[in-house]
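# A closer look at the structure
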Amino acid sequence: MDRCEAAFQYHKAGYNCAQAVALAFEDLLDVPETVIAAAGGGFGGGVGGSRGELCGAVSGGVLVLGWLTPHTNGADAEGKKRTYAAVKEFRRRFEEVFGLTCCADLLAAHPQPDEKNPAALRLGVTAHCDNMIVTAVEILETMLAERTAD
């Protein structure tokens with residue numbers, strides 16, 4: 001099972017959008033599933049189900065990038081820059097696909113899978129959040145592949 005499909009299955013199993021995205025990268029994070037699920041637990045539904053904040057799938061991507069591009073020392077200005085740069089690029093790419101990053105705005109727009117997010121098409125996702133989740137994972141995978149190519 002690939003990461004996009006894994007994230008889709010996590011969401012179907014009851015995990016929120018942020019958890020589903022982050023859990024799809026469990027093998028790379030070197031963090032127990034329970035810790036990943038706990039860290040992402042409050043970010044679903046646009047933060048605590050409010051739908052008024054950042055899309056949970058984007059929040060899950062931010063969690064993954066935080067673990068994979070860590071800034072763990074307050075005095076490490078370069079580390080902070082690396083983390084922020086990765087997160088900004090992820091957010092930019094997500095917004096490039098959907099035009100939005102706020103949960104409520106995405107729900108209102110209800111974008112459908114298309115050529116901009118082929119994994120969602122491939123998996124035949126029809127539910128709104130599943131489209132966001134699969135696409136967030138797809139973007140993260142692309143970004144990680146680019147890192148290893150450099």
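Everything below is about the structure printed above this text.
In what follows, the accompanying structure is described. (Residues numbered from 1 in each chain as written. Predicted model: local features only at pLDDT ≥ 70, side-chain atom pairs only at ≥ 80, totals over all residues. Heavy atoms only, no water.)

## What about the packing of helix 5 (residues 56-68) against helix 9 (residues 128-149)?
Where helix 5 meets helix 9, the closest approach of the two axes is 9 Å, and the angle between their N-to-C directions is 25°. Regarding the angle of helix 5 to helix 9, the classification is roughly parallel. For the pair helix 5 and helix 9, the crossing hand works out as right-handed. Packed against helix 5, whose contacting residues are A57, G61, V64, L65 and L68, the element helix 9 presents M132, I133, A136, L140, L144 and R147 at the interface. (Axes fitted to C-alpha atoms, helices over the stretch in contact; angles between N-to-C directions. Helix = DSSP H or I, 4+ residues; strand = E, 2+ residues; numbered from the N terminus. Parallel < 35°, antiparallel > 145°, perpendicular 65-115°, else oblique. Left-handed = near helix turned anticlockwise from the far one by under 90°. Contact = heavy atoms within 4.5 Å.)

## Digging into the packing of aromatic side chains
Within this structure, the stated rule accounts for two aromatic pairs. Judged by centre distance (5.6 Å) and plane angle (80°), the rings of Y10 and Y15 are edge-to-face. Overall, the relative accessible area of 19% leaves Y10 in the buried class. Residue class for Y15 comes out partly exposed when judged on its relative accessible area of 25%. Ring geometry for F94 and F98: centres 4.9 Å apart, planes at 55°, overall tilted. Of this pair, F94 and F98 both sit in helix 6 (residues 77-98), four residues apart, roughly one helical turn. (Phe/Tyr/Trp six-rings, centres within 6.5 Å; stacked < 30°, edge-to-face > 60°. Buried < 20%, exposed > 50% of the residue type's maximum accessible area, 1.4 Å probe, protein only.)

## Quick notes on the packing of helix 6 against helix 9
Contact geometry for helix 6 and helix 9: axes closest at 10 Å, N-to-C directions at 130°. It follows from the interaxial angle that helix 6 and helix 9 lie oblique. Both helix 6 and helix 9 take part in a crossing whose hand is right-handed. Across the interface between the two elements, A86, E89, F90, R93, F94, V97 and F98 from helix 6 touch N131, M132, T135, A136, I139, L140, T142, M143, E146 and R147 from helix 9. Here the contact of helix 6 with helix 9 is built from residues that sort into ten nonpolar, three polar and four charged. (Nonpolar A, V, L, I, M, F, W, Y, C, P; charged D, E, K, R; others polar.)

## Some words on the side chain of T135
As for its position among the elements, T135 is in helix 9. Look at T135 and you get buried, because its relative accessible area is 1%. Filtering out sequence-adjacent residues up to four positions away, T135 remains in contact with V97, F98, N117 and A120.

## Concerning the pattern of salt bridges
For the structure shown, the criterion picks out ten salt bridges. For the salt bridge of R122 with D2, the shortest nitrogen-to-oxygen distance reads 2.8 Å. Placement of R122 in helix 8 (residues 118-123) and of D2 in the segment before helix 1 (3-12) is noted, with a sequence separation of 120 residues between them. The partner of R3 in a salt bridge is D27, with the nearest N and O atoms 2.5 Å apart. One end of the pair, R3, is in helix 1; the other, D27, is in helix 3 (residues 26-29), and 24 residues separate them in sequence. Accessibility expressed as a relative area gives 55% for D27, which makes it exposed. Overlapping salt bridges bring together E89, R92, R93, E96 and E146 as one network. (Salt bridge = Lys/Arg side-chain N within 4 Å of Asp/Glu carboxyl O.)

## Details of the environment of D76
For D76, the position within the fold is in the loop between helix 5 and helix 6. In sequence terms D76 and A149 are 73 residues apart; their C-alpha atoms lie 25 Å from each other.

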